[in-house]
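Examining the three-dimensional arrangement
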Amino acid sequence: MTDSDYKPGLEDVPAAKSAISFIDGKRAQLEYRGVPVEILARESCFEETAWLLLKGDLPTQKELADFDADLRERRGIHFRLKDLIKCLPSTGHPMEALQATTAALGMFHPHRQVTCATKNWDAACRILAGLPTVVAAFARTRRGEEPIDPRPDLDHAANFYYMLFGKEPSAATRKVLDACLILHAEHEMNASTFTARVTASTLASPYQTIAAAVGSLSGPLHGGANEEVLLMLEKIGAKENVQSWLDEKLANDPKFKVMGLGHRVYKVKDPRATVLQELAEHMFAESARPKNYEIALELERITAGIYGAKGVYPNVDFYSGVVYQSLGIPTDVFTPIFAIARVAGWLAHWLEQLNGNRIFRPAQIFVGKADAAYVPLDKRP
Ligand code: ACO
């Protein structure tokens, strides 16, 4: 092994052969099992998209109806898990709560052998159905409110909204939330999906596999960026301040990174950002555009002139926060929403990894000391 073998961040190193999603980072193309994500966001629903990712093909009407029923049946969580959620510190981040409760969910549904296809499918449905329930429960209990039980008569997106706010969403809000879940459902070998595959490769339980992926998604360089974008827009404060804010940041640090911009694979605007922006435009068509949306538009315009040559453009997180904020969703619940969508992709990768699994065990280039002497503690200064 030499230094030339080393690729920081494993850039361009294939870590798996996968048939789940395809990205062309120069053409702003993203497909789930061959179907463009823009079409899915417009025409499909999260349940159908999750099936497509997990099974490889669009479901028949019966398959979708059965899958939907399976999910609705598995939304409820054990009363002891609700108690556990109530005991979590209200100051904790919802992603911390999600990681802890995903692992805990597995303790109520032990699944330590991953060899049975029927049991694996049951676990996949339970995780897909259960994560929105725990996210909504923590979002409420930390404010001193009782968790709201899921409603089996509502679809996935509408039920999540209902468990969060205690009221049904309008048809337009349901559609926006559903489209956001579809857009975030899968994105090939990103950090959290890689984490899921590495954990899956040890034959860990699906609950622990997904809990590991949740931890990976939480960082500000990955899924946590959507929250950071909104905090940044709030700090900028007004469209007129964008240029001076950026000038000041760049004067302090010429390598300053604007949250929500840049991507390892896309060297043009992320197609998901384009769809999210269309959704935002649609939502704001009949009302005044929110201030944060105006700031984001101005920031995109100004940064295109500075970073465009490097291929740094808005990614999925740039507009998602503005959309979620306009739905009334608290800022620190943005990344958990990303997680309840991405879990479809993680589970698809979990199942794919198990098929012909080999444990991940990469190499390293050793740069430490050799032959160091062991000096007894009492002889050290
Ligand atoms: N703002 C300004 N410049 C940027 C940004 C940014 N957000 N992102 C990258 N650049 C510049 C870098 O400074 C670097 O410039 P240089 O060649 O002059 O040194 C060049 O673009 C390449 O950047 P890297 O950091 O090497 O790109 P990498 O592929 O390692 O990182 C990442 C990708 C982590 C997404 C990065 O763009 C970033 O930190 N963005 C901000 C955080 C963010 O939005 N994350 C969400 C990503 S999408 C997702 O995970 C869901």
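Please read all numbers here as calculations on a predicted model, not as lab measurements.

Our focus in this paragraph is the overall build of the chain. Secondary structure summary: the chain contains 16 helices and three strands in total. The C-alpha radius of gyration computed for the chain amounts to 22 Å, which stays within 12% of the reference 21 Å derived for 381 residues, consistent with globular compactness. Overall, the C-alpha framework of the chain stretches about 70 × 55 × 45 Å when taken along its three principal axes. The buried share of the chain, reckoned over its 381 residues, is 50%. Contacts in the chain between residues far apart in sequence, at least 24 positions, make up 75% of those at least 6 positions apart. With the model as given, the accessible surface of the chain reaches about 18,700 Å², and the carbon-plus-sulfur share is 53%. Distance between charge centres in the chain, computed from 44 positive and 47 negative side chains, equals 5 Å.

Next up on the list: the packing of aromatic side chains. Per the stated rule, a full pass over the model turns up 10 aromatic pairs. Measuring from centroid to centroid gives 5.7 Å for Trp-51 and Trp-121, while their planes differ by 85 degrees, and the two rings are edge-to-face. Here Trp-51 is found in helix H2 (residues 46-55), whereas its partner Trp-121 is found in helix H6 (residues 117-141), with 70 residues between them in sequence. In this structure Trp-51 comes out as buried when scored by relative accessible area, which is 10%. The interplanar angle of 55 degrees and the centroid separation of 5.2 Å between the aromatic rings of Phe-284 and Tyr-293 together place this pair among those described as tilted. For Phe-284, a relative accessible area of 7% corresponds to the buried category. Here the guanidinium or amino end of Lys-55 rests over the ring plane of Trp-51, the centre of that ring lying 5.2 Å away. Positioned above the aromatic ring of Tyr-162 is the side chain of Arg-151, whose terminal nitrogen or guanidinium carbon lies 4.8 Å from the ring centre.

Bringing the environment of Glu-48 into the picture now. Tracing the backbone through its elements, the reader meets Glu-48 in helix H2. Since its relative accessible area comes to 18%, Glu-48 is described here as buried. Sequence separation between Glu-48 and Leu-128 is 80 residues; the distance between their C-alpha atoms is 12 Å. Once you skip the residues sitting within four places of it in the chain, Glu-48 turns out to touch Leu-58, Pro-59 and Leu-64.

So, about the pattern of salt bridges. The final tally for this structure, using the stated rule, is 23 salt bridges. Of the charged contacts in the structure, one is a salt bridge between Asp-70 and Arg-74, with a shortest N-O distance of 3.8 Å. You can call Asp-70 partly exposed: its relative accessible area is 24%. Residue class for Arg-74 comes out buried when judged on its relative accessible area of 13%. Each of Asp-70, Glu-73, Arg-74 and Asp-122 takes part in salt bridges that share partners, so that together they form one network.

Neighbouring the ligand are 21 residues, the closest being His-222, Lys-255, Lys-257, Val-258 and Arg-264. Between the ligand and Lys-255 there is a distance of 2.6 Å, counted from an oxygen atom to a side-chain nitrogen or oxygen. Starting from 930 Å² of accessible surface for the ligand in isolation, the protein chains cover 75%. Per-class residue counts for the shell around the ligand are 11 nonpolar, five polar and five charged.

Turning our eyes to something else, we now look at the domain arrangement of the chain. Domain assignment breaks the chain into domain 1 (8-220 + 335-354) and domain 2 (225-326). Contacts between the two partners involve 24 residues from domain 1 and, on the opposite side, 23 residues from domain 2. In this structure, the connection of domain 1 to domain 2 is made through zero salt bridges. Where domain 1 touches domain 2, the interface holds six residue pairs in polar contact (both at pLDDT 80 or more).

Within a regular strand, the side chains alternate between the two sheet faces. Strand direction decides the pairing type here: strand E1 (residues 21-24) and strand E2 (residues 29-32), joined by four bridges, are antiparallel. Of the residues in E2, the one forming a bridge with Ser-21 is Tyr-32.

The turn joining E1 and E2, which pair antiparallel and follow one another in sequence, is formed by four residues; a positive phi near 55 degrees is taken by Ala-28. In the sheet, E2 pairs with strand E3 (residues 35-36) via two bridges, with the strands oriented antiparallel. Within the sheet, the bridge partner assigned to Glu-31 lies in E3 and is Pro-36.

Attention now moves to the packing of helix H11 (residues 225-236) against helix H15 (residues 317-326). Two measures define how a pair of helices packs: the angle their axes make with one another and the distance between the axes. Interaxial distance between H11 and H15 falls to 8 Å at its minimum, and their mutual angle equals 75 degrees. On the basis of their axis angle, the class for H11 and H15 is roughly perpendicular. Contacts between H11 and H15 involve Ala-225, Asn-226, Val-229, Leu-230, Leu-233 and Glu-234 on the former and, on the latter, Asp-317, Phe-318, Ser-320, Gly-321, Val-322 and Gln-325. Considering only residue class, the contact of H11 with H15 consists of six nonpolar, four polar and two charged.

What counts, and where the lines are drawn
By convention here, each chain's residues receive numbers from 1 onward along its written sequence. Selection of residues for local features in this predicted model requires a pLDDT of at least 70, selection of side-chain atom pairs for listing and counting requires 80 or more, and totals for whole chains, interfaces and linings are taken over all residues. Side-chain calculation: all heavy atoms of the structure are included, whereas hydrogens and water are not. Per the convention used, a helix needs a DSSP run of H or I reaching at least four residues, while a strand needs a run of E reaching at least two, with both numbered from the N terminus. The globule rule is 2.2 Å times the number of residues to the power 0.38, and the radius of gyration it is compared with is taken over C-alpha atoms. Burial classification: accessible surface area is computed with a 1.4 Å probe over protein chains only, and a residue below 20% of its type maximum counts as buried, one above 50% as exposed, and the rest as partly exposed. The criterion used for residue contact is that any of the two residues' heavy atoms lie within 4.5 Å. Under the convention used here, a 1.4 Å probe and the Shrake-Rupley method define accessible areas, while residue burial counts only the protein chains that appear. Asp and Glu count as negative and Lys and Arg as positive, but His and the ends of the chain are not part of the count. Lys charges are placed at NZ, Arg charges at CZ, Asp charges at CG and Glu charges at CD. By convention, a stacked pair of Phe, Tyr or Trp rings (six-membered ring in the case of Trp) has centres within 6.5 Å and planes under 30 degrees apart, an edge-to-face pair has planes over 60 apart, and any other such pair is tilted. In this scheme, the term charge over a ring applies when either NZ of a lysine or CZ of an arginine sits within 6 Å of the ring centre and within 35 degrees of the ring normal. Salt bridges are counted wherever a side-chain nitrogen of Lys or Arg sits within 4 Å of a carboxyl oxygen of Asp or Glu. The near set for a molecule or strand comprises every residue that places at least one heavy atom within 4 Å of it. Any pair of N or O atoms that falls within 3.5 Å is considered a polar contact. Within protein, one atom must be able to donate a hydrogen and the other to accept it, and sequence-neighbouring residues count only if both atoms are side-chain atoms. Ten residues, namely Ala, Val, Leu, Ile, Met, Phe, Trp, Tyr, Cys and Pro, are considered nonpolar, four, namely Asp, Glu, Lys and Arg, are considered charged, and the remaining ones, Gly among them, are considered polar. Per the annotation, domain bounds derive from an automatic or database assignment of domains. Note on pairing: DSSP must find at least two bridges between two strands before they are called paired. Axes, fitted as lines to C-alpha atoms, cover a helix only where it is in contact. Angles between the N-to-C directions of the axes lie from 0 to 180 degrees. Put simply, angles under 35 degrees are roughly parallel, angles over 145 are roughly antiparallel, angles from 65 to 115 are roughly perpendicular, and the rest are oblique.

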